[in-house]
Amino acid sequence: MQQQRAKTNLNPISSPHKEDLELDRSLTGYDYELPQELIAQNPVVPRDHSKLLVVNSQDTGIKVEPRHCIFRSLPEQLKSGDLLVMNNTKVYPARLYGRKSTGAEIEVLLLEERQHNCWLALVKPGKRFTRGAKIIFEAKANSSSSPSSLTATVLETDEATGGRLLQFNLPEGMSLVQMLDVFGEVPLPPYITASDAQGAQYQTVYAKVPGAVAAPTAGLHFTPELLQRLGDHGIHQAFVTLHVGVGTFRPVEVEDVKTHKMHEEWISVPSSTVEQIRATQASGGRIVAVGTTVARALEGAAAKGELQPFSGKTDLFIYPGYQWRVVDGLITNFHLPRSSLLMLVSALIGRQRLLNIYQQAISSQYRFYSFGDAMLILPEARTLNSEQ
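Residues numbered from 1 in each chain as written. Predicted model: local features only at pLDDT ≥ 70, side-chain atom pairs only at ≥ 80, totals over all residues. Heavy atoms only, no water.

- Named according to an unreviewed UniProt entry, the chain is S-adenosylmethionine:tRNA ribosyltransferase-isomerase originating from Brasilonema octagenarum UFV-OR1.

1. Let's talk about the overall build of the chain
And then number 1: Along the backbone of the chain there are 8 helices and 19 strands.
And then number 2: Radius of gyration (C-alpha) of the chain: 21 Å, near the 21 Å computed for a compact globule of 388 residues.
And then number 3: A principal-axis box enclosing the C-alpha atoms of the chain has dimensions of 65 × 45 × 45 Å.
And then number 4: For the chain, the residues scored as buried account for 55% of the 388 residues in total.
And then number 5: Sequence separation of at least 24 residues holds for 75% of the intrachain contacts in the chain that already meet a minimum separation of 6.
And then number 6: Within the structure as shown, the chain displays about 17,400 Å² of accessible surface, and the carbon and sulfur contribution to it stands at 49%.
And then number 7: Treating the 38 positive side-chain charges of the chain as one cloud and the 39 negative ones as another, the clouds have centres 3 Å apart. (Helix = DSSP H or I, 4+ residues; strand = E, 2+ residues; numbered from the N terminus. Rg over C-alpha atoms; globule rule 2.2 N^0.38 Å. Buried < 20%, exposed > 50% of the residue type's maximum accessible area, 1.4 Å probe, protein only. Contact = heavy atoms within 4.5 Å. Areas by Shrake-Rupley, 256 points an atom, 1.4 Å probe, with all protein chains shown as cover. Lys, Arg positive; Asp, Glu negative; His and termini not counted. Charge placed at Lys NZ, Arg CZ, Asp CG, Glu CD.)

2. A word on the packing of helix α7 (residues 340-349) against helix α8 (residues 351-363)
And then number 1: Remark: α7 packs on α8, axes separated minimally by 7 Å, with the N-to-C direction vectors making an angle of 110°. Here α8 runs roughly perpendicular to α7, going by the angle between their axes. α7 and α8 meet at a crossing whose hand is right-handed. Note on element contacts: α8 touches α7 through Arg351, Arg353, Leu354, Ile357 and Tyr358, opposite Leu342, Val345, Ser346 and Ile349.
And then number 2: Residues of the contact of α7 with α8, tallied by class, amount to 6 nonpolar, 1 polar and 2 charged. (Axes fitted to C-alpha atoms, helices over the stretch in contact; angles between N-to-C directions. Parallel < 35°, antiparallel > 145°, perpendicular 65-115°, else oblique. Left-handed = near helix turned anticlockwise from the far one by under 90°. Nonpolar A, V, L, I, M, F, W, Y, C, P; charged D, E, K, R; others polar.)

3. A few points about the nonpolar core
And then number 1: Counting residues in hydrophobic clusters, the biggest one holds 71 residues, and the most contacted among them are Tyr32, Leu298, Trp324, Phe368 and Met375.
And then number 2: Among all residues touching Tyr32, those that are not within four sequence positions of it are His335, Leu336, Pro337, Leu342, Leu355, Tyr358, Gln359, Ile362, Phe368 and Tyr369.
And then number 3: Ranked by size, the runner-up nonpolar core spans 33 residues in total, among them Leu110, Ala121, Met174 and Met179. (Core = buried A, V, L, I, M, F, W, Y, C linked by side-chain atoms within 4.5 Å.)

4. Focus: the environment of Ala104
And then number 1: You can see Ala104 is positioned in the loop between β6 (95-99) and β7 (105-115).
And then number 2: For the pair formed by Ala104 and Pro125, sequence separation is 21 residues and the distance between their alpha carbons is 9.7 Å.
And then number 3: Apart from the residues lying within four places of it in its own chain, the contact partners of Ala104 are Gly98 and Arg99.

5. Describing the confidence of the model for the chain
And then number 1: Per-residue confidence for the chain gives a mean pLDDT of 90, with 91% of residues at or over 70.
And then number 2: Segment residues 4-17 is flagged for pLDDT under 50; beyond a separation of four residues in sequence, or across chains, it makes 41 contacts in the model. (pLDDT = per-residue confidence, 0-100.)

6. Details of the side chain of His243
And then number 1: Turning to its location among the elements, His243 is positioned in the loop between β14 (236-242) and β15 (265-269).
And then number 2: Other than its neighbours up to four places away in sequence, His243 contacts Thr89, Val209, Pro210, Gly211, Ala212, Glu265 and Trp266.

7. Examining the environment of Val45
And then number 1: Of note, Val45 is situated in the loop between α1 (18-24) and β2 (51-55).
And then number 2: For Val45, a relative accessible area of 66% puts it in the exposed group.
And then number 3: Between the alpha carbons of Val45 and Pro75 there is a distance of 19 Å; along the sequence they are 30 residues apart.

8. Quick notes on helix α5 (residues 271-282)
And then number 1: With 12 residues, α5 should reach 16 Å at 1.5 Å per residue; the first-to-last C-alpha distance of 16 Å fits that figure.
And then number 2: For α5, the set of buried residues is Thr273, Val274, Ile277 and Thr280. Along the axis of α5, the buried positions cluster into a sector of 130°, meaning they face one direction only. The exposed residues of α5 that point more than 90 degrees off its buried face are Glu275 and Ala282.
And then number 3: The elements touched by buried residues of α5 are β4 (83-87), β14, β15, β16 (287-290) and α6 (292-301). (Expected span 1.5 Å × (residues − 1). Arc of directions from axis to C-beta.)

Written as C-alpha cells, this is what we have:
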C-alpha cells in the first residue's frame, strides 16, 4: 500500500451559466438559514428510525420532489450488487478537563499524536498558555486507575491550528492512548449544547480504528439488523478509514473558495476494498459512499487518476467542477452553511439544487447536523459534468 500524501487533483470544467459558476466558487453561494430548533441535540432511537430524504432523479427544469422515507428502508432504495463503502474510524475520548497549578480550569481537545505521548491539542482558554505551562488532569470519579493523575507540559504553539504541543508525563512503557478511557470523554461537536447522548451513541456500530475527534455521522444511522438486511438484499459492504479532524467543523473563510487551504486528514483505503470496488464496477454495480468522509477517502486515493490502495494524508478539496472518479452515490447528513462538506455534496448534484433540497428538508422539519436525519443521493440523481 502506498504511504504518501494525496494531493488535490481538480479538473474544473466550463459552465454555460457564468453567474452560476461564480456563485459555485463564491463562499456566499453556500449560505442558508436554519432555524435553531432543527439542530439535532440527541440521536433518534433506534438509530435507523431517522428520516431519509431520497434524491432519485436529475432536475431537468421540472420540479422533482425527493422522496421522504425512513432510514431503515435503505435496502429498498438500493439495488442488489451495489456496494456501500463505510468509514470504520472510531472516535476516541479526546476531550480532557484539567487545571493549571493556579487552579484555573482548562479544557483540552486532542488532535493527533506527533511523537510518543506528545500531542497536538486545542487548549481553552489558550491565549496565555505559553511554553512551559503545565496542566494537571485527574482520573474520573470511581476510577481505580494508576496513575490517578496526569501532567502535561506545553512545548510550543502550532501556528497552523492555533493549538499547543503537549508532552504528557507518564510512567515508562505507558501510552496516553491507553489512559484516555479513564481521563477523557468523547467530544461532541460545538453546536450540540444540550444533549443527553451517551458516548456510544456518537460511534457507528462498525467503529473499529481509533483516531477520530468526530464521528462519520452518516454512519450513525446503521444498526446491526439493518446491515444484515442490506446483505440479505445483495447489497455489499466495504470499509475505509478516515480519521475525522477538527477541521471538519471549521467553516471556509475565504470568499473565493478555490483559494481555500483544505485541512489534512489521515486515510487508509486497503487493497481489499479496492478489489471490492473494481469487482462491483465490473459487474455493473454502483459505489455508494456512506458519508463525505468516505467520498473524500476514495477520491483522495484516486487522485492520480485511478483508485489504488493508499495510506497517508489527503488535502483533497472537492467543490463544484470536480471530476468524480470512484463515487456514484452518497449517503450524507445535512451540513453547516459555508462548510467544505456542503461544497462536496454540491459537486455531486449542483449547488443551487442542493440548497433547494435543503429548503424542502427545512420545510419538512428534518433534523440537521451530526445527530440529524440523512439524505440519499442515488447515482441517477447526479448532475452530469457537462451540465454543472
